[in-house]
Each structure stands twice: as C-alpha cells, then as structure tokens.
Amino acid sequence: MASITALGVGSGLDLSGLVDQLKTAERQKLVPILEQQSAQKTKISAYGRLNSAMDKVQTSIATLNDASTFKQQKSTVTGDGVLATAGETANAGRYEVTVSKLARAGSAASNSVALAQELTATETTLTLNFDGAPTKEVIIAANSTLADVRDQINADKEAGVTASLVNDGTGGYRLALSSKETGKDASLTGFSGLTSLSMDPATLRAGQDAELNVNGIAITSKTNRVEEAIQGVTLDLTAVSETPATLVIERDEASLKEAINAFVSSYNEMKSTVGRMTAFNGEGETSGELIGDRTVRTIEDRLRRDVTDSLGTGDISRLSQMGIAIDERGRLQVDEAKLDGAIAGNPEGLAAFFAGDTKEGGFAGRLSSTLKEITADDGIIKSSVGSAELRADNLEQRKLRMEASIERSVERYRKQFGQLDGMIAQMNSMSSYLSQQFDMLGAMQKSK
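To start, this report covers the structure provided alongside it. (Residues numbered from 1 in each chain as written. Predicted model: local features only at pLDDT ≥ 70, side-chain atom pairs only at ≥ 80, totals over all residues. Heavy atoms only, no water.)

The next point concerns the overall build of the protein. Scanning the protein from N- to C-terminus turns up nine helices and 16 strands. The globule rule puts the C-alpha radius of gyration for 448 residues at 22 Å, and the 44 Å found for the protein is more than 25% above it. On the principal axes, the C-alpha backbone points of the protein span a range of 150 × 75 × 35 Å. Buried positions account for 38% of the 448 residues belonging to the protein. Carbon and sulfur atoms form 49% of the exposed surface of the protein, whose accessible area is close to 24,700 Å². Across the protein, the 48 positively charged side chains and the 60 negatively charged ones have centroids separated by 11 Å. (Helix = DSSP H or I, 4+ residues; strand = E, 2+ residues; numbered from the N terminus. Rg over C-alpha atoms; globule rule 2.2 N^0.38 Å. Buried < 20%, exposed > 50% of the residue type's maximum accessible area, 1.4 Å probe, protein only. Areas by Shrake-Rupley, 256 points an atom, 1.4 Å probe, with all protein chains shown as cover. Lys, Arg positive; Asp, Glu negative; His and termini not counted. Charge placed at Lys NZ, Arg CZ, Asp CG, Glu CD.)

Spatial strand order, S1-S14-S3-S10-S11: five strands in an open sheet with antiparallel pairing. The sheet is open, and its two borders are formed by strand S1 (73–78) and strand S11 (217–221), each paired with just one other strand. Adjacent strand axes in the sheet meet at a mean angle of 30°, parallel and antiparallel pairs treated alike. Here strand S3 (residues 93–101) pairs with strand S14 (residues 245–251) via five bridges, running antiparallel. Within S14, the residue paired with Arg 94 across the bridge is Val 248. (Pairing = 2+ DSSP bridges. Axes fitted to C-alpha atoms, helices over the stretch in contact; angles between N-to-C directions.)

To continue, consider the side chain of Thr 145. The topology assignment puts Thr 145 in the loop between strand S6 (136–140) and helix H3 (146–155). Taking the relative accessible area as the measure of exposure, Thr 145 reaches 16% and is therefore buried. Residues in contact with Thr 145, not counting those within four places in the same chain, are Leu 115, Ala 116, Gln 117 and Leu 119. (Contact = heavy atoms within 4.5 Å.)

To continue, consider the packing of helix H2 (residues 31–64) against helix H4 (residues 253–277). Where H2 contacts H4, the two axes come as close as 8 Å, and the packing angle between them is 165°. One element, H2, and the other, H4, form an angle in the roughly antiparallel class. Here the hand of the crossing between H2 and H4 comes out left-handed. Between H2 and H4, the residues in contact are Ala 46, Arg 49, Leu 50, Ala 53, Met 54, Lys 56, Val 57, Ser 60, Ile 61, Thr 63 and Leu 64 and Ala 259, Ile 260, Ala 262, Phe 263, Ser 266, Tyr 267, Glu 269, Met 270, Thr 273, Val 274 and Met 277, respectively. For the contact of H2 with H4, the residue count by class is 15 nonpolar, four polar and three charged. (Parallel < 35°, antiparallel > 145°, perpendicular 65-115°, else oblique. Left-handed = near helix turned anticlockwise from the far one by under 90°. Nonpolar A, V, L, I, M, F, W, Y, C, P; charged D, E, K, R; others polar.)

With respect to the secondary-structure elements, Pro 32 resides in helix H2. Measuring from C-alpha to C-alpha, the distance between Pro 32 and Gly 349 comes to 58 Å, with 317 residues separating the pair along the chain.

Below, the discussion takes up a nonpolar patch on the surface. A contiguous nonpolar surface patch, about 630 Å² in accessible area, is contributed by Met 430, Tyr 433, Leu 434, Phe 438, Leu 441 and Met 444. Turning to its location among the elements, Leu 434 is positioned in helix H9 (residues 380–447). Classification of Leu 434 by relative accessible area gives partly exposed; the value is 37%. (Patch = residues over 30% accessible without salt bridge, like charges linked within 9 Å, V, L, I, M, F, W, Y side chains within 5 Å. Salt bridge = Lys/Arg side-chain N within 4 Å of Asp/Glu carboxyl O.)

Side chains Ala 210, Leu 212 and Val 214 project from strand S10 (residues 210–214) onto a buried face, and the interleaved Glu 211 and Asn 213 project onto a face without burial. Pairing of S3 with S10, which is carried by four bridges, proceeds in the antiparallel orientation. Note on S10: the bridge partner recorded for Val 97 is Val 214. Sheet topology note: the S10/S11 ladder contains five bridges and is antiparallel. Bridge pairing links Val 214 to Ile 217 in S11. Hairpin remark: S10 followed by S11, antiparallel, with two residues in the connecting loop; positive phi at Asn 215, about 50°.

To continue, consider the sheet that holds strand S9 (residues 188–192). Judged by pairing direction, the sheet is antiparallel, and its three strands sit side by side in the order S6-S5-S9 without closing on themselves. At either end of the open sheet lies a strand with only one pairing partner, and these are S6 and S9. For this sheet, the mean inter-axis angle between neighbouring strands, taken without regard to orientation, is 20°. Packing of H3 onto the sheet brings it into contact with strand S5 (124–130) and S6, and relative to S6 it is tilted by some 135°.

Turning our attention to the pattern of salt bridges. Tallied over the entire structure, the rule returns 21 salt bridges. Between Lys 222 and Asp 185 there is a salt bridge; the shortest N-O distance is 3.9 Å. Residue Lys 222 is found in the loop between S11 and strand S12 (225–230), and its partner Asp 185 is found in the loop between strand S8 (173–179) and S9; the two are separated by 37 residues along the sequence. Judged by its relative accessible area of 35%, Asp 185 is partly exposed. A salt bridge links Arg 225 to Asp 236, with the nearest nitrogen and oxygen atoms 2.8 Å apart. Taken together, the positions of Arg 225 in strand S12 and Asp 236 in strand S13 (residues 233–237) put the pair 11 residues apart, joining distant regions of the chain. Put simply, Asp 168, Arg 174 and Asp 200 are held in one network by salt bridges that share partners.

Evaluated as defined, the whole model comprises six aromatic pairs. Judged by centre distance (5.2 Å) and plane angle (15°), the rings of Phe 353 and Phe 363 are stacked. Of this pair, Phe 353 sits in helix H7 (residues 347–354) while Phe 363 sits in helix H8 (residues 363–375); the two residues are 10 residues apart in sequence, bridging distant segments of the chain. Owing to a relative accessible area of 3%, Phe 353 belongs among the buried residues under this scheme. Look at Phe 363 and you get buried, because its relative accessible area is 0%. An angle of 85° between the planes, with centres 5.8 Å apart, marks the rings of Phe 354 and Phe 363 as edge-to-face. (Phe/Tyr/Trp six-rings, centres within 6.5 Å; stacked < 30°, edge-to-face > 60°.)

Structurally, Ser 110 is set in the loop between strand S4 (107–109) and S5. A C-alpha to C-alpha distance of 5.1 Å links Ser 110 and Asp 200, two positions 90 residues apart in sequence. For Ser 110, the contacting residues outside a window of four places in its chain are Arg 174, Leu 175, Phe 191, Leu 197, Ser 198, Met 199 and Asp 200. Among the polar contacts listed, one links the side chain of Ser 110 to the backbone nitrogen of Leu 175, at a separation of 2.9 Å. (Polar contact = N/O pair within 3.5 Å; in protein donor to acceptor, adjacent residues only side chain to side chain.)

Here it is in structure tokens:
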C-alpha cells in the first residue's frame, strides 16, 4: 500500500486544518509573555522620556546656580556711532558718548608693474616701516614676480601687514599693503628693498587711533573696540557722531526673570510628563505606562522635598516668598507682580537663595544634586531601565523556550494524526475489499 504524503489524503478528513487550529491554541500560551514583554519595552521608553524631562530641569536650574545670573547688566544706547555691552561688573549709570574719529589701519600701494615681471634677480630683503612699531623685514626669493612677493609677505605671520594685488586698469598691477592692526602706532609708513617695486606716495593712507568723549573725558583707542573706558562696559565704535549718543547701564531684570521662568516652565513640563505616565483612567482605557511605579514615586518624593523645604535663614528661604507657589497637582505657579517685586527690590536675596555661597549651598545647587543622582549612569532611572531590560531579556528566553515547546507539541500532533490517517486509510481499504467480496458472494448465490 502506498504511503500517505499529506495529512487527510488517506482518511479524507481535514487533519491539516485541525493541526493548524491546535497550533493556534498552543500559541495562546505565548500571549501573557508577549504582553509582559510589551509592558517592559513601554516602561523602558517611558523611563527615557522621564530622563529627558529631568535633563531639561537640570539645564534650567544650572543657570540659577550661577551667581553671575543675578548680576547681569544691560545697556541701552540712544543715538548713533556706538554700541555697548555691559558686563556684571558694570555700575548703573548714564553716559554721553561722542565719537570724533574711528580707528583705521594704515595702507599703501606700489608703482604699477607687469604681472609676469621678475622683480629681483637675487634674494632680497623687503623692509616694512611703521609709525610707532619696529621695522619688519620679509625675505623675497630670487626671480619673484608680484604675485610671489604677495604670497611671501602673507606667509610671514610677523610681517605686520596683509598684501593683495590690484589691477590699476592700465595693463599693470600694484602691490597693496594694509596694516594688520588699526591705530597710529601700527600704521604702515612705507616699504623698500626691491628696486623694481617702490611705494607710490600718493597711495599712502596713514592709520589713526579712535577718538571719543565720554561725559566730557577725552579718550583715545588703537581699535574701535574700547574696553573698560567705562568699568565693565565694552564700547564698539561704528561711526563718527555729530551729536552725543546716550548710554544707560542698568540691572538686567528681564534676563533674570527669564531664567527663573525657564526653570518654572521646565519643572512644570516634567510634572506633566510624570502625570501622563502615572495617570489612571477609571473607565478602563489605557492608563499611564508607569502607573504605580516605585521609581517614579521615589523621584517625586525627593523633588517635592527639595522644592518645598525651607532653605537657610536669609531674606528669602522659600519659593513662595518670591511669588512661586505649588498647586494641588505639584506644579509651580508664578505670581508675576510678586516675582517682579523680588527681582527689583531684592536681587541679592534671590542670589543667596538660588545660588548660595557654594555650588551646593543654594536651592539650585540642592535641586541640581538631586537631579544628578536621579539621572546619573548609576542613578535611579538608569537602574530601573537596567532592571526592565533584564526582565525583558528573561521574558525573551521564556518565549523562545515556549515556542520550542509549542513546535514539539505541534509535531507530535502531526505525527499522531499521520498515524490516524494511515489507520483510517487501511480501514477504508479493508472495508472496500470486504464490500467487494460480499458483492461477489451475493452474485454467486443469485446465479445458482
């Protein structure tokens, strides 16, 4: 009898379909494992978003842990000819600034020569003269053209000038030299040494110092950037002014408020992230990924303690004293008027509260230390991620073992059904044979 090559061929039953149904039923054993794997992956992703939210708070609080944040000054210029930048050492005040001269570099050009003309047959020294600075010498190689001379000057970092070529429109070219620095002392006054290349006196343009007047005090500068003419202030001269420009230096209250509001915003964003991750929907819909998570509870407890606890005995020891209150959801709310009053009236108290005397001594330092412990490589979040990853790995191993077990069961079913198929085929064959025999006997009886 021929062997059966496919389930159901011998018996005529849909045994392959039955095996598939049994396989589907067996694979239901994987569902709890797959659901647990998905939960762990979701947790890992949620921890990543939580860590990112904590990092934003860390960045914002770092600004408030810097004492210079509370000493920022701003400058306002009304008028033309000058720009101003005030540093933290600047004192508040009002100044009138008049610019009578801008600093400029000295320059000169050579006579006109052909571009391909060799200017010296032997190695020669080009001498550069300056108004108040030492003479500079540049070695010019033999057989140098005008372009070669330019390149050798520019290659010498100590030359004190930069060189370029100018087409004068007559078919010739000129070597144009310009002092690297502005001011009278650095001004180029002439050059010599190449017999075929001399300075054209008509092109000499002397460098000069900047001249300005601040509240009646005459000031000169070698550059158009004037530092410390006013303590802590940098002036950038842009044009000669016919009338004085008014400069006002005052505390930068807007910048300080922006830094405080940035912290409040990042903290509230972090609380919103935590709120979404721990939300419970009583209607049975999907709840937050980290609902009931011990890591989140620990983090919230530590942050709540840092934000609400009193700090020191200074004029300001709590956020509430500057108009920052905590609502019922743990978020920060700002009383703008009260905060503005604290910034305008007690910036020193704010600095003592936020920055303190040491890096960890103020509110910002205390909160920053907690955040570092939470987000560090060996911190709470990374530790929880590691645990979730370990559980996910273990679940993957369980899944692989379960899949192997399912395949063995399905193979056993297939073998058993194959045997059943063969037995039914034999029975069907025997039944057919007996039927034929009975039919033959019946026919023989009728023929007698």
